[in-house]
Amino acid sequence: MSDPNTTEGIPEGEEGNPLEQSTITMLDVLEQEKELDDEYAAVLGGSDEKACTYVKGSIGRQALYSCLTCCPESRGDLSKAAGVCLACSYRCHENHELVELYTKRNFRCDCPTQRLGKCSLNPQLEGTPKANEENLYNQNFQGLYCKCKRPYPDPDRTTEEVMLQCAVCEDWFHLPHMKAPGSSEKWLDSCSEMICDGCMDAKPFLKDYTGLALQPVLEEDKEEKAKPEADDSQLKNELDRSICDIMKVPEGDESGESPANGGEPSQKRPKLDGCRRPKPLKEHQGAAFWTNDWRKSLCQCAECLVLYKKLAVEFLLDAEDSAKTYEERGMKRAEENSSYEQGIRALASIDRTQQIDAITEYNRMKDKLKEYLQTFAATKKVVTEEDINRFFAGMRNENNASLGQPYFCR
């Protein structure tokens, strides 16, 4: 039996100082800050935090919040719900019970309207404007999500919950609560957008495009790949005949040119403005998980455009509509004023002693802030901007007091 106090097998200088193992570098701090900045920027999507967006009308995409303090009736009556922009959530609804809605499309801030009342960021408005009739509200405004109609985060859940937002209805769903392909859990990081099973059934034309969606690899598909090359040749011949039938070109003349007219294009060639909606070999069942840029493949013939309008999904043709584009817009804006880049430049401008002093002060501040915030958690009190300002004012006073009397070398 070996001596528990021995250092045999541990390289010299790597005895494992517990203090060193528990400390972090300034670069770690900056990287953690960058992760928080990136998450913050993605959720807010470049939304304006100072000016109410009401005067701009309906915004394609913006960060939104539902205020249950101002609209308590909305818990049981969705017609009483209201949504406010980022600036109003800060200025007009501070300390209120807010539901973070992430983003909703084509929404106009309700704060100055009859749904909520006077908005402090719009003093120029005369009277109280009527409610925004074009705004759409779903159960998310009540703080409920998915088919299970539970809040997020769910206080009754003991495990991590992953939710996906539907690109059509914009509700959020737990993966196990949707009818979805068996491999869908593996697609969470690969898919660009998800459309829930309910919307796939309500908008059946979407099933024609599921060839663009992620597909599970079935056993029969694996067997097909193992077939001899002879089957591949037969499949190619059948495909050639199918193409000839569609193009109405005689077999053996795939060029589409007619010998009788001196090589001119055949008059029977389909027109470019014809419907390009694909015809799937089998009907898709359940939710669909889509790859990047799948919307660009949607047919835009006259007949399909009428269909999109009838089903109220014209937004699918808008390249700026997707939540991914919304997040990218926020990330791009954040890069222009990145605290990470500013921190890296500041870090490079000071020597090692100053770096150690800075990280020591950071750790002291972090511990004190954690202790300060625990008092709010214990009393279930909402942390306000004034509380945070009071904390840092106290920290500054402590730092000034610790300086003591100045010492002059004579």
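Chemist: Help me understand the overall build of the chain in this model?
Modeler: For the chain, the helix and strand inventory stands at 11 helices and seven strands. Taking contacts inside the chain between residues at least 6 apart in sequence as the whole, the part at least 24 apart equals 70%. For the chain, the accessible surface area stands at approximately 27,400 Å², while carbon and sulfur atoms represent 51% of it.

Chemist: Would you take a moment to explain the packing of aromatic side chains for this structure?
Modeler: Think of a pair of aromatic rings as described by two things: how far the centres are apart, and how the planes are tilted against each other in angle. Tallied over the full model, the rule gives 12 aromatic pairs. Measuring from ring centre to ring centre gives 5.7 Å for Phe107 and Phe141, while their planes differ by 25 degrees; the resulting arrangement is stacked. Taken together, the residues span a long stretch of sequence, with Phe107 in strand S3 (residues 98-107) and Phe141 in the loop between S3 and strand S4 (163-165) at a distance of 34 residues. A residue is classified by how much of its surface remains accessible, and Phe141, at 0% relative accessible area, is buried. Every member of this aromatic cluster is reached through a ring pair, and the members are Tyr372, Phe376, Phe391 and Phe392. The residue whose ring lies beneath Arg105 is Phe315, and the NZ or CZ to ring-centre distance is 3.6 Å. The aromatic ring of Tyr54 is capped on one face by Arg108, whose charged end is 3.9 Å from the ring centroid.

Chemist: Just to check I follow, could you spell out unusual backbone geometry for this structure?
Modeler: Negative phi values dominate among residues other than glycine, just as trans dominates among peptide bonds. Along the chain, Tyr152 connects to Pro153 via a cis peptide bond; the corresponding omega equals -5 degrees. Structurally, Pro153 can be placed in the loop between S3 and S4. Within the chain, Tyr102 stands out as a residue other than glycine whose phi angle is a positive 65 degrees. Among the structural elements, Tyr102 can be located in strand S3. Of the residues examined, Tyr102 reaches a relative accessible area of 11% and is grouped as buried. Positioned with a positive phi, Lys149 is a non-glycine residue whose angle comes to about 55 degrees. Here Lys149 shows up in the loop between S3 and S4. Overall, Lys149 belongs to the exposed group, its relative accessible area being 52%.

Chemist: It is not clear to me how the sheet that holds strand S1 (residues 59-67) should be interpreted in this structure. Could you clarify?
Modeler: Read across the open sheet, the three strands follow the order S2-S1-S3; overall the sheet is antiparallel. On the outer flanks of this sheet lie strand S2 (83-85) and S3, each paired with one strand and no other. On average, each strand axis in the sheet is tilted by 45 degrees relative to the strand beside it, whichever way the strands run. Pairing analysis gives seven bridges linking S1 to S3, with the strands arranged antiparallel. When the bridges of S3 are listed, Ala63 appears paired with Thr103.

Chemist: Whenever I open this one, the nonpolar core confuses me. Can you help?
Modeler: As a rule of thumb, nonpolar side chains are buried together in soluble globular proteins. Ranked by internal contacts, the top residues of the largest apolar core, which has 61 residues, are Cys88, Met194, Ile195 and Phe289. Element by element, the count of residues in this core is highest for S3, at four residues. Setting aside chain neighbours within four positions, we find Ile195 in contact with Cys166, Ala167, Val168, Met200, Leu206, Ala287, Ala288, Trp290 and Trp294.

Chemist: Can you walk me through the confidence of the model for the chain in this structure?
Modeler: Predicted coordinates in regions of low pLDDT should not be interpreted in detail. When pLDDT is averaged along the chain, the result is 78; 68% of the residues meet or exceed 70. pLDDT under 50 marks residues 1-10. Its contacts with residues more than four places away, or in other chains, come to one contact. Under a pLDDT of 50 for its full length, residues 248-272 has, in the predicted model, 23 contacts with residues more than four places off or in other chains.

Chemist: Sorry if this is basic, but what is going on with the pattern of salt bridges here?
Modeler: When charged atoms on two side chains of opposite charge get close, those side chains can pair. Summed over the entire model, instances satisfying the criterion amount to 16 salt bridges. The salt bridge partner of Lys207 is Glu283, with a shortest N-O separation of 3.3 Å. With Lys207 in the loop between helix H4 (197-202) and helix H5 (219-225) and Glu283 in the loop between helix H6 (229-247) and strand S7 (288-290), this pair connects stretches of sequence that are 76 residues apart. A relative accessible area of 56% means that Glu283 is categorised as exposed. In this structure, a network of salt bridges that share partners links the residues Arg61, Arg105, Glu170, Glu193, Arg295 and Asp321.

Chemist: Can you walk me through the side chain of Lys104 in this structure?
Modeler: Here Lys104 shows up in strand S3. One buried charged residue, Lys104, forms no salt bridge at all, with the nearest opposite charge on Glu170 at 5.3 Å. A polar side-chain atom of Lys104 sits 2.7 Å from a polar atom in the side chain of Asn140. At 2.9 Å, the side chain of Lys104 forms a polar contact with the backbone oxygen of Glu170. Beyond its immediate sequence surroundings of up to four residues, Lys104 is in contact with Gly60, Arg61, Gln62, Leu64, Asn138, Asn140, Phe141, Gln165 and Glu170.

Chemist: What exactly am I supposed to notice about the environment of Met395 here?
Modeler: Within the secondary structure, Met395 sits in helix H11 (residues 385-402). The sequence separation of Met395 and Leu369 amounts to 26 residues, and the corresponding C-alpha distance is 9.6 Å. Ignoring sequence-local partners within four residues, the contact set of Met395 consists of Arg364, Met365 and Lys368.

Chemist: How should the environment of Thr69 be read in this particular structure?
Modeler: Along the chain, the position of Thr69 falls in the loop between S1 and S2. Setting aside chain neighbours within four positions, we find Thr69 in contact with His96 and Glu97. Among the polar contacts listed, one links the side chain of Thr69 to the backbone nitrogen of Glu97, at a separation of 2.7 Å.

Basis of the calculations
Residues numbered from 1 in each chain as written. Predicted model: local features only at pLDDT ≥ 70, side-chain atom pairs only at ≥ 80, totals over all residues. Heavy atoms only, no water. Helix = DSSP H or I, 4+ residues; strand = E, 2+ residues; numbered from the N terminus. Contact = heavy atoms within 4.5 Å. Areas by Shrake-Rupley, 256 points an atom, 1.4 Å probe, with all protein chains shown as cover. Phe/Tyr/Trp six-rings, centres within 6.5 Å; stacked < 30°, edge-to-face > 60°. Buried < 20%, exposed > 50% of the residue type's maximum accessible area, 1.4 Å probe, protein only. Lys NZ or Arg CZ within 6 Å of the ring centre and 35° of its normal. Pairing = 2+ DSSP bridges. Axes fitted to C-alpha atoms, helices over the stretch in contact; angles between N-to-C directions. Core = buried A, V, L, I, M, F, W, Y, C linked by side-chain atoms within 4.5 Å. pLDDT = per-residue confidence, 0-100. Salt bridge = Lys/Arg side-chain N within 4 Å of Asp/Glu carboxyl O. Lys, Arg positive; Asp, Glu negative; His and termini not counted. Polar contact = N/O pair within 3.5 Å; in protein donor to acceptor, adjacent residues only side chain to side chain.

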